[in-house]
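Chain by chain, the residues:
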Amino acid sequence: AQSVTQLGSHVSVSEGALVLLRCNYSSSVPPYLFWYVQYPNQGLQLLLKYTTGATLVKGINGFEAEFKKSETSFHLTKPSAHMSDAAEYFCAVSDHNSGYSTLTFGKGTMLLVSP
Amino acid sequence: GAGVSQSPSNKVTEKGKDVELRCDPISGHTALYWYRQSLGQGLEFLIYFQGNSAPDKSGLPSDRFSAERTGGSVSTLTIQRTQQEDSAVYLCASSLTLPGATGIQYFGAGTRLSVL
């Protein structure tokens, strides 16, 4: 069984500060890992994904994440926060070896950005 | 269509009534997923369709919940005899399932269900 743990239900940063959202996973097979963002009253939008290959992946809006197998982590970072980054962020893992890819999500982290 | 479309966007119903939620996936996507998003529970997987069949219904919380998909396209999630604990946002997603595909899921905006 897979699981995802996101540390911190809320993270507050100042505009221009580093954003770090933590995600740890457990999976019995090499995972595919995803970060999604959800703005108010909208669906989830894919930020970035890791499947195979390079462990540092870059996504939209200046976000990136690094897959660290030894730490079973996939933390999301952005060097400088913008007000428009305020949203809820979800880390997810998929068991692609099952023939399809049901996602298991973390409980989400709300990012608050102050001026 | 250009994206995953869900209707209605909001639904208010009385306890005990039946509701139907609709999902129109991205054209050509053979896989369709339903999730439930509720406060304190995060996102929970409900059911997966490949074409018109549902090989994984493991997330449906009770026999009051059912779903179907017709023509390999539109899906309907039905909740019978709604209860207050069914209040949540119901999200639909679709994806390609070609060999080697990474299974990226594209989400609709959801249906917010409120059971009074």
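Coordinates for the structure precede this section.
Please read these numbers as outputs of a predicted model, since none were measured by experiment.

Visitor: How do you make sense of the pairing of strand β3 (residues 19-24) of chain B when you look at a structure like this?
Guide: Looking down a regular strand, the side chains alternate between one sheet face and the other. Residue and element names in this part refer to chain B. Side chains of β3 alternate between two faces, with V19, L21 and C23 buried and E20, R22 and D24 left unburied. Of the strand pairs in this sheet, strand β1 (residues 5-7) and β3 are connected by three bridges, and their pairing is antiparallel. Within β3, the residue paired with S5 across the bridge is D24. As paired elements, β3 and strand β8 (residues 75-79) share five bridges and run antiparallel to each other. By the bridge assignment, V19 is partnered in β8 with I79.

Visitor: I'm lost on the packing of aromatic side chains in this one. Help?
Guide: What characterises a pair of aromatic rings is the spacing of the ring centres plus the angle enclosed by the ring planes. What the rule picks out here adds up to 13 aromatic pairs over all chains. Between Y36 of chain A and F107 of chain B, the ring centres sit 5.3 Å apart and the planes meet at 80 degrees, which makes this aromatic pair edge-to-face. With Y36 of chain A in strand β4 (residues 32-38) and F107 of chain B in strand β10 (residues 106-107), the pair connects residues from two separate chains. Seen in terms of ring centroids, F63 of chain A and Y89 of chain A are 5.5 Å apart; in terms of plane orientation they differ by 45 degrees. Their pairing is tilted. Placement of F63 of chain A in the loop between β6 (56-58) and β7 (64-68) and of Y89 of chain A in strand β9 (residues 87-94) is noted, with a sequence separation of 26 residues between them. Y89 of chain A gets classed as buried once you look at its relative accessible area, which sits at 0%. An aromatic cluster of at least three residues, connected via ring pairs, comprises F34, Y36, F90 and F105 of chain A together with Y33, Y35, F45, Y48 and F107 of chain B.

Visitor: Honestly, the layout of surface pockets in this entry has me stumped. Any pointers?
Guide: A probe as big as a water molecule, rolled over the atoms, marks out the empty space that is left. Quantified by volume, the largest pocket comes out at close to 760 Å³. Secondary-structure elements contributing two or more residues to the lining of the largest pocket are β9 and β11 (109-114) of chain A together with β4 (31-38) and β9 (88-95) of chain B. By residue number, the principal contributor to the lining of the largest pocket is β9 of chain A, which donates three residues. A per-class count over the lining of the largest pocket returns 11 nonpolar, 16 polar and three charged.

Visitor: Hey, could you run me through the sheet that holds strand β7 (residues 65-69) of chain B in this one?
Guide: Hydrogen bonds between backbone atoms are what pair the strands of a sheet, whose relative direction is either parallel or antiparallel. All names here are of chain B. Read across the sheet, four strands follow the order β1-β3-β8-β7 without closing on themselves; strand pairing throughout is antiparallel. The outermost strands of the open sheet, each flanked by one partner alone, are β1 and β7. In this sheet, adjacent strand axes meet at a mean angle of 15 degrees when their direction is disregarded. Of the pairings in the sheet, the one linking β7 to β8 comprises five bridges and is antiparallel in character. Bridge pairing in β8 links S66 to T78.

Visitor: So what exactly am I meant to see when it comes to the pattern of salt bridges here?
Guide: Oppositely charged side chains are able to pair whenever their charged atoms sit close together. Residue and element names in this part refer to chain A. Scanning the entire structure with this criterion turns up four salt bridges over all chains. Between K58 and E64 there is a salt bridge, with its nearest N and O atoms 2.7 Å apart. By relative accessible area, K58 is classed as exposed at 63%. With relative accessibility at 22%, the residue E64 sits in the partly exposed group. Linking D85 and K78 is a salt bridge whose minimum nitrogen-to-oxygen distance equals 2.9 Å.

The rules we used
- All residue numbers refer to positions counted from 1 along the written sequence of the respective chain.
- Just so you know, chain letters begin at A and ligand numbers begin at 1, following the order they were written in.
- In keeping with the predicted nature of the model, local features appear solely for residues at pLDDT of at least 70, side-chain atom pairs appear and are counted solely at 80 or more, and the whole-chain, interface and lining totals rest on all residues.
- Heavy atoms from the whole structure form the basis of all side-chain values; hydrogens and water molecules are not counted.
- Burial status follows relative accessibility: with a 1.4 Å probe on protein chains alone, a residue under 20% of its type maximum counts as buried, one over 50% as exposed, and anything between as partly exposed.
- The helix and strand labels rest on DSSP assignments: H or I over at least four residues marks a helix, E over at least two residues marks a strand, and numbering proceeds from the N terminus.
- Two strands qualify as a pair provided DSSP detects at least 2 bridges between them.
- Each Phe, Tyr or Trp ring (for Trp, its six-membered ring) is paired with any other whose centre lies within 6.5 Å, and the angle between the two planes then decides the class: stacked below 30 degrees, edge-to-face above 60, tilted in between.
- Here a cavity means grid points, on a 1 Å grid over the protein atoms only, where a 1.4 Å probe fits yet cannot get out; a pocket means an open set of points with protein on both sides within 12 Å along at least five of seven lines; lining residues are those with an atom within 4 Å of a point.
- Grid points are joined across faces, edges and corners, and a volume is the space filled by probe spheres set on the points.
- Lys, Arg, Asp and Glu make up the charged group, whereas Ala, Val, Leu, Ile, Met, Phe, Trp, Tyr, Cys and Pro make up the nonpolar group; the residues left over, Gly among them, are polar.
- Axis definition: a line fitted to C-alpha atoms, limited for helices to the stretch in contact. Angles are taken between N-to-C directions and run from 0 to 180 degrees.
- For this analysis, a salt bridge means a side-chain nitrogen from Lys or Arg found within 4 Å of a carboxyl oxygen belonging to Asp or Glu.

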